[in-house]
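Below, each chain spelled out in residue letters.
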Amino acid sequence: MSLDLREGCMRWEALFADLQVQSAAHRQELFETEVAEAVGLEWSRTMLCDRFRAHIGHQVTLQLRGGAVVMFTIGAVGRDWLSGGAGVQAWLIPAEAVVSVTGLSRKAQQESSPSRQRLGIGAPLRVLAAAREQVVVRGSMGELAEGVLVGVGADFLDIRSTGQAQRITTIPMRALSSVRSAAGLG
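Right, let's walk through the structure included here. Quick caveat, the model's predicted, so the values are computed rather than measured. (Residues numbered from 1 in each chain as written. Predicted model: local features only at pLDDT ≥ 70, side-chain atom pairs only at ≥ 80, totals over all residues. Heavy atoms only, no water.)

### Quick word on the environment of Met47
For step 1, the next point in the chain: Here Met47 shows up in the loop between α1 (2–44) and α2 (48–53).
For step 2, the next point in the chain: Residue classification places Met47 among the exposed residues on the basis of a relative accessible area of 55%.
For step 3, the next point in the chain: In this structure, the C-alpha to C-alpha distance between Met47 and Ala108, residues 61 residues apart in sequence, is 8.4 Å. (Helix = DSSP H or I, 4+ residues; strand = E, 2+ residues; numbered from the N terminus. Buried < 20%, exposed > 50% of the residue type's maximum accessible area, 1.4 Å probe, protein only.)

Below, the structure is given as structure tokens:
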């Protein structure tokens, strides 16, 4: 009888051990599901500019509205824009003009400065206007204007052509696909 009792105890111990293993596996599965949901929720709040910000200094290939393709090294990122270089030219690109990007990893970095979080594309455009930079402005239909950036409003910019007529071309911000330096053009 004592042998039967020991076998019964061992069988129960094995059952309880199996139950503990199943419970641990279930807890691990729940934990992994919760982590996946949390990561998915966090990722769903990530903006494209957060992805660009995590890749400052890296080269990416951007396809822009209107078909232009730019191999671009990201230099700075704002709330709704990115800037950087492609060859000898500096570029400023509205994030909404980007159709696709090749070369980003799955990293993202939110802007930590509240003041920089508020800087829309008007801020770097105003810096260029104050410096009277010569630029080429492109939209979805191609080149919109080339000349000196002379003013930036809330939703437009003014370019003074450098030709003899020196006329002002006003371009709505929503029409921009890129602003690039005229350096290196010839």
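### Let's talk about unusual backbone geometry
For step 1, the next point in the chain: Residue Arg132 is not a glycine yet carries a positive backbone phi of 55°.
For step 2, the next point in the chain: Examined against the element boundaries, Arg132 turns out to sit in the loop between α4 (122–130) and β6 (134–139).
For step 3, the next point in the chain: Under the relative-accessibility criterion, Arg132 is labelled partly exposed at 47%.

### Some details on the environment of Leu128
For step 1, the next point in the chain: The topology assignment puts Leu128 in helix α4.
For step 2, the next point in the chain: A relative accessible area of 25% means that Leu128 is categorised as partly exposed.
For step 3, the next point in the chain: If we ignore the near neighbours within four places in the chain, the residues touching Leu128 are Leu92, Glu133 and Leu149. (Contact = heavy atoms within 4.5 Å.)

### A look at the nonpolar core
For step 1, the next point in the chain: Within the largest apolar cluster, 16 residues are counted, with the highest numbers of intra-cluster contacts made by Leu125, Val137, Leu149, Leu157, Ile159 and Leu176.
For step 2, the next point in the chain: Counting residues per element, the ones that place at least two in this core are α4, β6, β7 (142–152) and β8 (156–160).
For step 3, the next point in the chain: Among the elements that line this core, the one with the most residues is β7, at 3 residues.
For step 4, the next point in the chain: Sequence-distant contacts of Leu125, that is, excluding residues within four places in its chain, are made with Leu92, Leu149, Val152, Leu157, Met173, Leu176 and Val179.
For step 5, the next point in the chain: Listed in part, the 15 residues of the second largest apolar core include Phe52, Val70, Val77 and Trp91. (Core = buried A, V, L, I, M, F, W, Y, C linked by side-chain atoms within 4.5 Å.)

### A word on the pattern of salt bridges
For step 1, the next point in the chain: Within the structure shown, the criterion is met by 3 salt bridges.
For step 2, the next point in the chain: Glu111 is the partner of Arg53 in a salt bridge, and the nearest nitrogen-oxygen pair spans 3.4 Å. One end of the pair, Arg53, is in helix α2; the other, Glu111, is in the loop between β5 (98–102) and α3 (114–117), and 58 residues separate them in sequence. Glu111 carries the same exposure label as Arg53, and that label is buried.
For step 3, the next point in the chain: Taking the shortest distance from any N to any O, the salt bridge between Arg79 and Asp80 comes out at 3.8 Å.
For step 4, the next point in the chain: When its relative accessible area of 46% is taken as the criterion, Arg79 is described as partly exposed.
For step 5, the next point in the chain: Salt bridges here are not isolated pairs; linked through shared partners, they connect Asp50, Arg53 and Glu111. (Salt bridge = Lys/Arg side-chain N within 4 Å of Asp/Glu carboxyl O.)

### Quick look at the sheet that holds β7
For step 1, the next point in the chain: Read from one edge to the other, the open sheet built from 10 strands follows the order β5-β1-β2-β3-β4-β10-β6-β7-β8-β9, with strand pairing classed as antiparallel. One side of each edge strand has no neighbouring strand; the edge strands of this open sheet are β5 and β9 (168–172). Averaged over all neighbouring strand pairs, the angle between strand axes comes to 40°, with direction disregarded.
For step 2, the next point in the chain: Strand contacts of α4: β3 (81–86), β4 (89–94), β7, β8 and β10 (178–181), with the helix running at about 75° to β7, the strand carrying the most contacts. (Pairing = 2+ DSSP bridges. Axes fitted to C-alpha atoms, helices over the stretch in contact; angles between N-to-C directions.)

### Some thoughts on empty space enclosed by the protein
For step 1, the next point in the chain: Counting across every chain of the model gives 1 cavity of 30 Å³ or more.
For step 2, the next point in the chain: Roughly 30 Å³ of volume is contained in the largest cavity.
For step 3, the next point in the chain: Lining the largest cavity are Arg65, Gly66, Gly67, Ala68, Arg138, Gly139, Ser140, Gly142 and Ser177. (1 Å grid on protein atoms, 1.4 Å probe; cavity = no way out; pocket = protein on both sides within 12 Å on 5 of 7 lines; lining within 4 Å. Points joined across faces, edges and corners; volume = space filled by probe spheres on them.)

### Some words on α4
For step 1, the next point in the chain: Buried within α4 we find Gly122, Pro124, Leu125 and Ala129. All buried residues of α4 fall inside an arc of 165° around its axis, so they share one side. Counted as exposed and oriented over 90 degrees from the buried face of α4: Val127 and Ala130.
For step 2, the next point in the chain: Tucked into the core, α4 has its buried residues touching β3, β4, β7, β8 and β10.
For step 3, the next point in the chain: One or two residues past the end of α4 sits Arg132, with phi positive at roughly 55°. (Arc of directions from axis to C-beta.)

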